[in-house]
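Structural overview
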Number of protein chains: 2
Amino acid sequence: MSRLSNPVEQADTRARILHAAVDIFASRSFESATLKEITEAAGANIAAVNYYFRSKDELIRQVMADLFGRVNRARNVALLAYEKAVADGKKPGLEPLLDALIRPMVHLGTEMPQGAANISLLMQARVSPSVPDDLSSSEDDVIHERFIAALARILPHLTRKEIIWRYNCARGAMIFVLAELSPNIHQIVRLADTQRKADEDTVVRELIVFTTQGFLAGSAGTTLAQ
Amino acid sequence: MSRLSNPVEQADTRARILHAAVDIFASRSFESATLKEITEAAGANIAAVNYYFRSKDELIRQVMADLFGRVNRARNVALLAYEKAVADGKKPGLEPLLDALIRPMVHLGTEMPQGAANISLLMQARVSPSVPDDLSSSEDDVIHERFIAALARILPHLTRKEIIWRYNCARGAMIFVLAELSPNIHQIVRLADTQRKADEDTVVRELIVFTTQGFLAGSAGTTLAQ
DNA sequence: GTCTATAACACGATAGAC
DNA sequence: GTCTATCGTGTTATAGAC
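Bear in mind that the values here come from a model prediction, so they are computed numbers and not experimental data. (Residues numbered from 1 in each chain as written. Chains lettered and ligands numbered in written order. Predicted model: local features only at pLDDT ≥ 70, side-chain atom pairs only at ≥ 80, totals over all residues. Heavy atoms only, no water.)

**Here we look at the protein's contact with DNA strand C**
Residues in close proximity to DNA strand C include A:Ala33, A:Thr34, A:Leu35, A:Asn50, A:Ser55, A:Lys56, B:Thr13, B:Asn45, B:Ala47, B:Tyr51 and B:Tyr52, which together make up its full environment. Of everything in DNA strand C that lies within 4 Å of the protein, sugar and phosphate atoms constitute 73%. In the environment of DNA strand C, a phosphate oxygen lies 2.9 Å from a nitrogen or oxygen atom belonging to the side chain of B:Thr13. B:Asn45 is positioned with one of its side-chain polar atoms (N or O) 3.3 Å from a phosphate oxygen of DNA strand C. (Near = heavy atom within 4 Å. Polar contact = N/O pair within 3.5 Å; in protein donor to acceptor, adjacent residues only side chain to side chain.)

**Here's the deal with the protein's contact with DNA strand D**
Surrounding DNA strand D, one finds A:Thr13, A:Asn45, A:Ala47, A:Tyr51, A:Tyr52, B:Ala33, B:Thr34, B:Leu35, B:Asn50, B:Ser55 and B:Lys56. The sugar-phosphate portion of DNA strand D accounts for 72% of its atoms within 4 Å of the protein, the bases making up the rest. Within the backbone of B:Leu35, one N or O atom sits 3.2 Å away from a phosphate oxygen of DNA strand D. B:Lys56 has a polar backbone atom sitting 3.0 Å from a phosphate oxygen of DNA strand D. It is helix H4 (residues 46-52) of chain A that provides the largest number of residues to the surface near DNA strand D, a total of three residues. Along the lines of polarity and charge, the residues of the surface near DNA strand D split into five nonpolar, five polar and one charged. (Helix = DSSP H or I, 4+ residues; strand = E, 2+ residues; numbered from the N terminus. Nonpolar A, V, L, I, M, F, W, Y, C, P; charged D, E, K, R; others polar.)

**Section: the relation of the copies chain A and chain B**
Taken as rigid bodies, chain A and chain B are interconverted by a rotation of 180 degrees and an axial shift of 0.0 Å, the fit giving an RMSD of 0.0 Å. Here the transformation between the copies is reduced to the relation of a two-fold axis. Residue by residue, 100% of the interface of chain A is reproduced at the interface of chain B, so both copies engage with the same surface. (Least-squares fit on C-alpha atoms with pLDDT ≥ 70 in both. Contact = heavy atoms within 4.5 Å.)

**What about empty space enclosed by the protein?**
This structure, assessed with the given rule, holds eight cavities of 30 Å³ or more. Quantified by volume, the largest cavity comes out at close to 320 Å³. What lines the largest cavity is a set of 20 residues, among which A:Phe176, B:Met105, B:Arg126, B:Arg171 and B:Ile175 lie closest to the centre. Counting residues per element, the ones that place at least two in the lining of the largest cavity are helix H9 (160-180) of chain A together with helix H5 (56-87), helix H7 (115-125), helix H8 (138-154) and helix H9 (160-180) of chain B. Its residues assigned to classes, the lining of the largest cavity shows 13 nonpolar, two polar and five charged. Of the voids in this model, the second largest cavity is the one considered here, and its volume is about 250 Å³. Going through the elements one at a time, helix H5 (56-87), helix H7 (115-125), helix H8 (138-154) and H9 of chain A are the ones with two or more residues in the lining of the second largest cavity. Residue contributions to the lining of the second largest cavity peak at four residues, all from H5(A). (1 Å grid on protein atoms, 1.4 Å probe; cavity = no way out; pocket = protein on both sides within 12 Å on 5 of 7 lines; lining within 4 Å. Points joined across faces, edges and corners; volume = space filled by probe spheres on them.)

**Quick notes on the interface of chain A and chain B**
Counting residues at the interface gives 68 residues for chain A and 68 residues for chain B. Interface area, chain A with chain B, both sides summed: about 6,500 Å², of which 67% is carbon and sulfur. The largest per-residue losses of area from chain A upon contact with chain B belong to A:Arg126, A:Trp165 and A:Phe210, which jointly make up 15% of the total buried on that side. At the surface where chain A touches chain B, the tally comes to two salt bridges. B:Arg126 is the salt-bridge partner of A:Glu180, the closest N and O atoms lying 3.0 Å from each other. Connecting chain A to chain B are 12 residue pairs in polar contact (both at pLDDT 80 or more). The set of elements that each furnish at least two residues to the side of chain A that touches chain B consists of helix H2 (13-28), H7, H8, H9 and helix H10 (200-216) of chain A. It is H9(A) that provides the largest number of residues to the side of chain A that touches chain B, a total of 16 residues. Among the residues making up the side of chain A that touches chain B, the classes are represented as 31 nonpolar, 19 polar and 18 charged. (Buried area = accessible area lost by both parts, 1.4 Å probe. Salt bridge = Lys/Arg side-chain N within 4 Å of Asp/Glu carboxyl O.)

**What to know about the packing of H5(B) against H8(B)**
All names here are of chain B. The geometry of H5 relative to H8 is characterised by a closest axis approach of 11 Å and an angle of 35 degrees between their N-to-C directions. Considering the relative orientation of H5 and H8, their crossing is left-handed. On H8, the residues that touch Asn 72, Arg 75, Asn 76, Leu 79, Leu 80, Tyr 82, Glu 83 and Val 86 of H5 are Asp 140, Ile 143, His 144, Arg 146, Phe 147, Ala 150, Arg 153 and Ile 154. Its residues placed into classes, the contact of H5 with H8 shows eight nonpolar, three polar and five charged. (Axes fitted to C-alpha atoms, helices over the stretch in contact; angles between N-to-C directions. Left-handed = near helix turned anticlockwise from the far one by under 90°.)

**Remarks on the packing of aromatic side chains**
Across all of its chains, the model carries nine aromatic pairs over all chains by this definition. The rings of A:Phe210, A:Phe215, B:Phe210 and B:Phe215 are connected pair by pair, giving a single aromatic cluster. (Phe/Tyr/Trp six-rings, centres within 6.5 Å; stacked < 30°, edge-to-face > 60°.)

If you want it as structure tokens, here you go:
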């Protein structure tokens, strides 16, 4: 696509391939996207993929590792701030904690111009056989355990199992809402006026309103009041 | 896999292919699953796919149409009962309405032995280029509009936009929770003791508890109390 | 309806010149 | 580091016998 006359574009073939791969993988799926498409979009030769990455699978792995890494780093920073506030004796409450969970993902999903592609890749990662199981580092798991622990501190009347149910509810709401905002993704149902564009703050706010109340519900056995 | 000696198995090659396709597509993705794998698992010949369906794409389309059809029919039945109760002057409230939305999907996702595969397919359908955009009939859209309308009746203080935000939150919670129960699907994060098996009623109950409270939250501008 | 055989094609990967 | 040319493999789809 882009000519190589521009020295800036020429600068780093590896980075250009990585960047193009996000878009192509997102719109055509890991398996049906070809290295030819990706390298053409990157203004590179198909052999460059095997030079910089070892194989198509390694390219996929690198793309996803970058994505997970970005979310995890941002969540870690936000969570550290939250945990520090707790250690300092402040009572930060549920919303800032959920903000630490939600905002990094929403940021990834609403940034221009690749937000929609990012979400498509995250959804694919859950079902594609091209994405290895061991991609998520143990570091990821630690962060989620820290979220669970922080939630358990605020919601002592809920069991760990109940917290995990709701944690998954919250994560699902997050990814699904972002998916609906992404034109990349098949909107199975087209409502008359679903918004397909929204800024980070709006999305975060709507998600926090919904999930905060969800977490505050009583135990599943109990009825609503509590 | 299964020998053809059994006349029951021999009965309907088309149905056997359709059944095997669900499993294979779910575990290996639409694109990387091959017709050879599917027909072997179905105890059929590869040419049978092109005889009963026109092509691989048409097979995919048929698999997904069956899935969507099942959910929509079940939701329609439940929604009709709800709408009748409303027409009769009863005030059914939020939980039975959300039950009509959630239970059909949870039923699909927890049935044995293909529940996990069903969810994997539904997730793939949102990102795979093999699934045509026009698969969802206008009938689907009508059902969702009926849910939105029923929700708006119960929650008159929320705008249509706010209802849609939360409707998507609820649907996301639903699909994500079901995905976490499915061993088919890459669990990006492995929590120590996430339950990977749960009966329909338990899953429905946890989802309804969370989403009911989510819908009952005040407008996003407002703070929590209301 | 079911099978074998094969056509027609596209892919990922690599060797080797530059 | 980048490119061309090519190898080997696996795919869908189909023609035609049974």
